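Summary of structural features
Here is how the chains run, residue by residue.
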Amino acid sequence: MAETNFQFLEEEFPLLFNLAKAGEYNLYQDPTTSLFKLRQYGEYMAKQIFDTYGMDLPEDSKFQNLVYLLRNQSILPGNVYDYFTILRKQGNDAVHAYKGTTEEATSSLFSAFKLGKWFYESYSVKNRNITDIKFHKPENLDARHALHLLEEENKALKAQYDQLLLQQKTVSQEQRQAFTERAKRSASKLDMDEAQTRELIDVNLRKMGWEADTKLLNAKIHKTQPEKGRNMAIAEWPVKGGYADYALFIGTSLYGVVEAKKYGQDISTNLDQSKRYALNIIPQEGIELLGEWEGYKVPFLYSTNGREYLQQIATKSGIWYLDVRETYNNSKSIKGFHSPDDLRKKFEQDIALANKKLQANSLDFLQSKTGLSLRDYQIKAIEAVESIVVNHPEVDRALLAMATGTGKTRTIIGLAYRLIQTNRFKRILFLVDRTLLAKQALDGFKDYKVDDLKSFNDIYHMDDLRTWWPDVDSRIHFATVQSMVKRLFYNDDEQKSISIDTYDCIIVDEAHRGYLLDKEMDDEELDFKDQDDYVSKYRQVLDYFDAFAIGLTATPALHTTEIFNKPVFNYGLREAVLDGYLVDQDPPIKIKTKLSEEGIVWEKGEKPTVYDKEGNHIIELDELDDELKFDISGFNKRVITENFNRTVLRELVNHLDPDSEAKTLIFAATDEHADMIVKILKEEFAAAGIPIPDDAVAKITGKSDQPEDKVKRYKNEQYPNIAVTVDLLTTGIDVPKICNLVFMRRIRSRILYDQMIGRATRLCPEIHKESFKVFDAVNLYESIKDYTEMKPLVVNPSANFTTLGSEFQHIQTDERAAQQVDQIIAKLQRKKRSAGIDNEKIKYFTGVGSLDEFIHTIREKPISEQVKLLSASNDLWKYLDEFKSAPARQFYSNHEDALREVVAGYGASDKPEDYIEGFKRFIEENQNNIAALKLIATAPTQLKRSDLKELLILLWIQKVIPCVHYAKHGNLPKSKM
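For the structure given in this document, a descriptive report is provided here. (Residues numbered from 1 in each chain as written. Predicted model: local features only at pLDDT ≥ 70, side-chain atom pairs only at ≥ 80, totals over all residues. Heavy atoms only, no water.)

Attention shifts here to the overall build of the protein chain. Looking only at helices and strands, one finds 36 helices and 31 strands in the protein chain. The 977 residues of the protein chain split such that 56% are buried. For the protein chain, long-range pairs separated by at least 24 residues make up 72% of all intrachain contacts whose partners lie at least 6 apart in sequence. Counting every atom, the protein chain has about 43,600 Å² of accessible surface; 47% of that belongs to carbon and sulfur. (Helix = DSSP H or I, 4+ residues; strand = E, 2+ residues; numbered from the N terminus. Buried < 20%, exposed > 50% of the residue type's maximum accessible area, 1.4 Å probe, protein only. Contact = heavy atoms within 4.5 Å. Areas by Shrake-Rupley, 256 points an atom, 1.4 Å probe, with all protein chains shown as cover.)

Below, the discussion takes up the packing of aromatic side chains. The full count for this structure, using the stated rule, is 43 aromatic pairs. Ring-pair connections join several aromatic residues into one group, and the members of that group are Phe6, Phe8, Tyr41, Phe110, Phe113, Tyr120 and Phe135. The ring of Trp468 is capped by Arg487, whose NZ or CZ atom sits 4.3 Å from the centre of that ring. Over the aromatic face of Phe801 sits the side chain of Lys827, whose NZ or CZ is 5.5 Å from the ring centroid. (Phe/Tyr/Trp six-rings, centres within 6.5 Å; stacked < 30°, edge-to-face > 60°. Lys NZ or Arg CZ within 6 Å of the ring centre and 35° of its normal.)

As enumerated under the stated definition, the model contains 38 salt bridges in all. A salt bridge links Arg230 to Glu211; its shortest N-O distance comes to 2.5 Å. In this pair, Arg230 sits in the loop between α9 (219-222) and β2 (231-239) while Glu211 sits in strand β1 (residues 211-212), placing the two residues 19 residues apart along the sequence. A relative accessible area of 24% means that Arg230 is categorised as partly exposed. Of the charged contacts in the structure, one is a salt bridge between Asp323 and Arg325, with a shortest N-O distance of 2.9 Å. Note on Arg325: relative accessible area 22%, which makes it partly exposed. (Salt bridge = Lys/Arg side-chain N within 4 Å of Asp/Glu carboxyl O.)

Turning our eyes to something else, we now look at the nonpolar core. Ranked by internal contacts, the top residues of the largest apolar core, which has 118 residues, are Phe445, Phe456, Ile550, Leu741 and Phe743. Among the elements that take part in this core, helix α13 (residues 376-391) stands out by supplying 9 residues, more than any other. With near-sequence residues (within four places) excluded, Leu741 lies in contact with Leu665, Phe667, Met756, Ile757, Arg759, Ala760, Phe772, Lys773, Val774 and Phe775. In this structure, Leu15, Leu35, Ala46 and Phe179 belong to the second largest nonpolar core, which totals 54 residues. (Core = buried A, V, L, I, M, F, W, Y, C linked by side-chain atoms within 4.5 Å.)

A sheet is described by the order of its strands in space; here 4 strands give the open sequence β22-β21-β30-β24, paired in mixed fashion. Looking along the sheet, the strands with just one partner apiece sit at the ends: β22 (617-620) and β24 (639-641). Each strand of the sheet is rotated relative to its neighbour by a mean of 40°, with strand direction disregarded. Of the strand pairs in this sheet, strand β21 (residues 609-612) and β22 are connected by 4 bridges, and their pairing is antiparallel. Paired with Thr609 across the two strands is Glu620, which belongs to β22. Of the strands in this sheet, β24 and β30 (891-893) touch helix α22 (residues 642-652), which is tilted by about 45° from β24. (Pairing = 2+ DSSP bridges. Axes fitted to C-alpha atoms, helices over the stretch in contact; angles between N-to-C directions.)

Helix-helix packing is described using two parameters, namely the angle between the two axes and the distance between the axes. At a closest axis distance of 9 Å, the pairing of helix α2 (residues 31-52) and helix α5 (residues 102-123) adopts a crossing angle of 15°. By the criterion of interaxial angle, the relationship of α2 to α5 is roughly parallel. Taken as a pair, α2 and α5 cross one another with a handedness that is left-handed. Together, Pro31, Ser34, Leu35, Leu38, Tyr41, Met45, Gln48, Ile49 and Thr52 of α2 and Thr102, Glu104, Ala105, Ser108, Leu109, Ala112, Leu115, Gly116, Trp118, Phe119 and Tyr123 of α5 make up the contact between the two elements. Classifying every residue of the contact of α2 with α5 gives 13 nonpolar, 6 polar and 1 charged. (Parallel < 35°, antiparallel > 145°, perpendicular 65-115°, else oblique. Left-handed = near helix turned anticlockwise from the far one by under 90°. Nonpolar A, V, L, I, M, F, W, Y, C, P; charged D, E, K, R; others polar.)

The N-cap residue of helix α29 (residues 839-846) is Asp838: its side-chain oxygen and the backbone nitrogen of Glu840 are 2.9 Å apart. One or two positions beyond α29, positive phi appears at Gly847, with a value near 85°. (Polar contact = N/O pair within 3.5 Å; in protein donor to acceptor, adjacent residues only side chain to side chain.)

Our focus in this paragraph is a negative patch on the surface. Judged by side-chain charge, Glu603, Glu606, Glu620, Asp622, Glu623, Asp625, Asp626 and Glu627 come together as a negatively charged surface patch. Take Glu606: its relative accessible area is 34%, and that puts it in the partly exposed class. (Patch = residues over 30% accessible without salt bridge, like charges linked within 9 Å, V, L, I, M, F, W, Y side chains within 5 Å. Lys, Arg positive; Asp, Glu negative; His and termini not counted. Charge placed at Lys NZ, Arg CZ, Asp CG, Glu CD.)

Reading across the sheet, the 7 strands line up as β13-β14-β10-β15-β16-β9-β17 and stay open at both edges, with parallel pairing between neighbours. On the outer flanks of this sheet lie β13 (461-463) and β17 (567-571), each paired with one strand and no other. If you compare each strand with its neighbour and ignore which way they point, the axes differ by 15° on average. For strand β15 (residues 505-508) and strand β16 (residues 548-553), the ladder comprises 4 bridges, and the chain directions are parallel. Along β16, the bridge assignment pairs Ile506 with Ala549. On top of the sheet, helix α15 (residues 435-447) reaches β10 (428-432), β13 and β14 (474-480); it is set at about 155° to β14, its chief contact. Across the sheet, helix α17 (residues 481-489) is in contact with β10 and β14; its angle to β14 comes to roughly 105°.

The next subject is the pairing of β10. Burial runs high along β10: 5 of the 5 residues are buried. In this structure, β10 lies alongside β14, joined through 5 bridges in parallel fashion. Residue pairing across strands places Ile428 opposite Ile476, the latter belonging to β14. By the bridge criterion, 4 bridges tie β10 to β15 in an arrangement that is parallel. Each residue of the ladder has a partner; that of Leu431, found in β15, is Val508.

It is worth spelling out the packing of helix α28 (residues 814-831) against helix α31 (residues 863-871) at this point. Running from N to C, α28 and α31 cross one another at 50°; their axes reach a closest spacing of 10 Å. The orientation of α28 with respect to α31, classified from their angle, is oblique. As for the relative orientation of α28 and α31, their crossing is left-handed in sense. Across from Asp814, Ala817, Ala818, Val821 and Ile824 in α28, the residues of α31 making contact are Ile863, Gln866, Val867 and Leu870.

Mapped onto the elements of the fold, Trp877 is located in helix α32 (residues 874-882). With relative accessibility at 1%, the residue Trp877 sits in the buried group. Separated by 77 residues in sequence, Trp877 and Asn800 have C-alpha atoms that sit 8.2 Å apart. The residues contacting Trp877, other than those within four sequence positions of it, are Phe801, Thr802, Gly805, Ile824, Leu828, Phe854 and Leu870. A polar contact of 2.9 Å, which involves the side chain of Trp877, links it to the backbone oxygen of Leu870.

Below, the structure written as structure tokens:
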């Protein structure tokens, strides 16, 4: 036989070589089999990547799931994933329809060749230079004998390969990182020709329910015409002066036109070419044009190059879309094509009429005592969102900031009802990050009466958490972010792909949780970093849908406002207390003990004890060379101290009545700490002569048995009266009878503090609740940070030293190199604090005695020598990347404790100001500084040390950050002291 295109794979990857050759040999005789063999080639290549990384194959090892997993773990670059998609889809179509042409098989063979070169350059051990190897179309020769030999060889190779996959393989993090970097570099050379781009666009159209095949459904080549009962994307549809790349027909009605660019080529984001297509459509008999809008004969226009959307290269990626029916509509990027059903509903929906209804319909019924009985501020919140929807169509996000207990759920039920009743939105996705929150909201939609003594659920169909795909008649669907991620990005059933218009409104409960900003990437970083490193799945779910998003939170943060914009309505705790809708807290009761004030101390020469979790016993360590001390911030986390807990809880028993209607919520540090608190409380009640039922005190954490049932009983039944939690009950749980909050754990986050306090602010007239108590056993108010504190808000790409050092070869400018040096120095500063660093090895690798000295050496050199030094420090990088700090031990203390005093008040600290009022003022007063904060949060690598120092001084002068913060991190000029 003639020479194969895949010779470079034979030595190291014989099975892939065998399958690729089978694809070549069947090209003319049996193109369907050729397509199937090339699909197998892609599937085994994906399995080989799992093996290369030392990863076990998932239980669901279907081809699609394998590449999804590799893509979502940032192992497959986006364009490589697209090549796998082409091979898989062409192979699937050939197998299911059992038909394929030599032209299709040749296209698939070319894709397999490009994919093979990428794979070899990424994972080959020998990694020879194969740049000059070019694809040639195989000759049409008699290959029957060769195919017989190939099949025999294939069986043996597959058996060997399957045995290899069963063997355990250890791959270091350094090796994995090196493979990933090679894969990204090779992918940067991978491009698609126009035919491959069209195939990818075909795949994306078919995924959304369109019949699409550029070669077969082609008006220019085959005179293809639309047909009733079919949803067709017909390629090369005639227009005056040329052909539209695609015309989208629902039956015989023309709904859209698509401009198809070559992969990676700039997209006309204002859709100039698509507009020309729409202006120059030629009327034809049997073809229905839906109308004309300022000369455009098609309502929906698209432009795409098949490439996955990246915000940083917006004009070179994604699908751009425009609805031309309204003059002031603007083009925008969307994550996928609309389905035929989407377009039909879009066309039928009269947004202008819906907006008029929203404005005309009175909200009075929402304040009816037989309905939701909303308060004035809740009506204002609804009006604020509706105003954005109606008057600012260019804005697609709105944030409501309302204190915990002020009725966000009732407010959103009223808003959702109006938005659905007026047909402004057709289906709402109610998105949460915990099942418990979804069920609580779902119960509200079922129970609260909205109109004419009927609940939302009585009037409209709702889908709950068990529903994977929303029903056609569903108007609201409840889902967790985690499940939505699986549906969108791990779905292997392409017949049930969720379209971008499945929901046109998204309500996000507890919008302060989980959200992360995109990290901005500069041009050079795009060459070797992937967007998946910087975008949280939360943000991906929000951005996937072409929908208006409404965020709800009691504690907005800077990153919340970056995603949802500034709150359109604010209603804080202070205002709600003054209006009589929430109760205030009494001054906190501080329980002070000997250990809480003096700390736990092992003196020099003493033998501390540690808890061995694996052996479940206490171990005595060697004598100490120096004093070992833990202050209260380490209690119950770094050091177990039963005596401290018992001393505090013995006093607490004097303040609690487990038989009263007033409930108590205790915040523990860990799940094990919660168990200890439950045990000690029961013992101390017994010691005090107060008999209690066993279920009067209960742990309710994520590790509890049936936690949701326990929460329901805590809310609705007498027992448990005292609940001990860690995180499960810190946010979003509504139990109005809570009158006592007990802090047995230190917290620093102001957001978390306000969420915790919010558990007790609700009114409860049935037990005559007038206020609530806070018991502080951990000097809580001394540790809480201000909400304006700058925090890293990005998903760090977790690059190791080896990666950072190797990236210098891709950096072209001194300025960008200096940023890379700063990143390495910052990472060294963190690493030097690790326990167990061997300075003898540091000296061997660097010639100096410590990482501190090495950092000093780097800083003394000019940038060119810095780059040279850091690029050549591979042995040091390997040592630091593989070094693991000695595991943190949990100490066990038998130190005696004693109660010192119980006092009411905030001590040396002030009572924290109202969160929402303070945050609102902060936003208004610090617009310029917030832009600076965003720059630090999203693009830190683009700031030089001098820039950062100047910015810190500015923020200190403006009192955005306290002087003490600067004093810790930089030298404040004397003139500022």
